[in-house]
Amino acid sequence: MISIFSKKQGFAILYAILMVSIVLTISLTLLDISYKQLVLSSINKESKLAYYAAINAFDCATYWDNFAFPHKPFGYFEGGSFFSPTSPDPGKINCTGVPFTATFDGSRTSTFDISFPDGSFAEVTVVKGTGTDPEGTFIRADGYNTSNPNSPRRVQRSHVSE
């Protein structure tokens, strides 16, 4: 007599479930790797935006500090004495066509912020006269991929003078 509860029944379904589990595990692992690569690629793009914003702002500050004669929006030294900033019409001070206004705190430090057309943003600090070089200039440019300080994907890159 044939028993309905044969010991050999159910192996096919067990093997099918085992194979589906293995394929599903491999698929989910590949999906996780692809997602991580996508996130890293996005961070790299945003990091480049922040880096180039810092470099552009640094170069702009260097130009206006050294080569924009007779205008010195960050102050200047002459004969060992420090003189307050002199600026042209604020609309004439610009970086890559974007105007900015430097603010002077009265103690040899000037700052300015600039937003670039690609959405990136930079904050620049120019200090005239440092402890090691009383007539030198220290420039720090902090570039960001976005001007929104609350963005969870905000990336900062900095460029500092030596």
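Here's a quick rundown of the structure. All values derive from a computational prediction rather than experimental measurement.

**Comments concerning the overall build of the protein chain**
Right, on to step 1. Of regular secondary structure, the protein chain possesses 1 helix and 9 strands.
Right, on to step 2. In the protein chain, 39% of the contacts between residues at least 6 apart in sequence involve partners at least 24 apart.
Right, on to step 3. Accessible surface, the protein chain as shown: approximately 10,900 Å² in total, 60% of it carbon and sulfur.

**Points about the environment of F74**
Right, on to step 1. With respect to the helices and strands, F74 occurs in the loop between α1 (11-66) and β1 (76-78).
Right, on to step 2. F74 sits in the buried class, given a relative accessible area of 1%.

**Focus: the sheet that holds strand β7 (residues 121-128)**
Right, on to step 1. The sheet built from 5 strands is open, its strands ordered β5-β6-β7-β8-β9 with antiparallel pairing. Single-partner strands in this sheet number two, and they are β5 (103-104) and β9 (156-160).
Right, on to step 2. As judged from the 8 bridges shared by β7 and strand β8 (residues 137-144), these two strands associate in the antiparallel manner. By the bridge assignment for β8, A122 is matched with G143.
Right, on to step 3. In this fold α1 packs onto β6 (109-115), β7, β8 and β9, with an angle of close to 150° to the strand it touches most, β8.

**Thoughts on the side chain of S47**
Right, on to step 1. With respect to the secondary-structure elements, S47 resides in helix α1.
Right, on to step 2. According to the relative accessible area criterion, S47 is buried, its value standing at 13%.
Right, on to step 3. A polar side-chain atom of S47 sits 2.9 Å from a polar atom in the side chain of R157.
Right, on to step 4. Sequence-distant contacts of S47, that is, excluding residues within four places in its chain, are made with V155 and R157.

**What about the pairing of β7?**
Right, on to step 1. Strand direction decides the pairing type here: β6 and β7, joined by 7 bridges, are antiparallel. Residue F112 lies in a different strand from β7, and its bridge partner there is V124.
Right, on to step 2. Between the antiparallel neighbours β6 and β7 lie 5 residues, among them G119 with a positive phi of about 95°.

**Focus on a nonpolar patch on the surface**
Right, on to step 1. Residues F11, I13, L14, Y15, I17, L18, M19, I22, I26, L30 and I33 make up a contiguous nonpolar surface patch of roughly 1,100 Å² in combined accessible area.
Right, on to step 2. Looking at the element boundaries, L18 is found in helix α1.

**A few points about the pattern of salt bridges**
Right, on to step 1. In this structure the tally under the stated criterion is 3 salt bridges.
Right, on to step 2. Note that K128 is salt-bridged to D65, the shortest N-O span being 2.8 Å. A residue pair is termed long-range when its members are at least 10 positions apart, and K128 in strand β7 and D65 in helix α1 qualify at 63 residues.
Right, on to step 3. D142 is the partner of R140 in a salt bridge, and the nearest nitrogen-oxygen pair spans 2.9 Å.
Right, on to step 4. Owing to a relative accessible area of 11%, D142 belongs among the buried residues under this scheme.

About the cut-offs
- Residue indices follow the written sequence of each chain, beginning from 1 at its first position.
- Where local features are concerned, this predicted model is filtered to residues with pLDDT of at least 70; where side-chain atom pairs are given and counted, the filter is 80 or more; whole-chain, interface and lining totals use all residues.
- Just so you know, side-chain values use all the structure's heavy atoms and leave hydrogens and water out.
- What counts as a helix is a DSSP run of H or I of at least four residues, what counts as a strand is a run of E of at least two, and both are numbered from the N terminus.
- Two residues qualify as a contact provided that any one of their heavy atoms is within 4.5 Å of a heavy atom in the partner residue.
- Every accessible area reported is derived by Shrake-Rupley at a probe size of 1.4 Å, with residue values counting cover from the shown protein chains alone.
- Relative accessibility thresholds used throughout: buried, under 20% of the residue-type maximum; exposed, over 50%; partly exposed, between the two (1.4 Å probe, protein chains only).
- At least two bridges found by DSSP between two strands are what make those strands a pair.
- Think of each axis as a best-fit line through the C-alpha atoms, taken over the contacting stretch in the case of a helix, with angles from 0 to 180 degrees between the N-to-C directions.
- Any pair of N or O atoms that falls within 3.5 Å is considered a polar contact. Within protein, one atom must be able to donate a hydrogen and the other to accept it, and sequence-neighbouring residues count only if both atoms are side-chain atoms.
- Think of a patch as exposed residues, more than 30% relative accessible area, with no salt bridge, where like charges cluster within 9 Å and nonpolar side chains (Val, Leu, Ile, Met, Phe, Trp, Tyr) cluster within 5 Å.
- Salt bridges are identified by distance alone: a Lys or Arg side-chain nitrogen within 4 Å of an Asp or Glu carboxyl oxygen.

Limitation: the analysis is restricted to geometry and does not speak to function.
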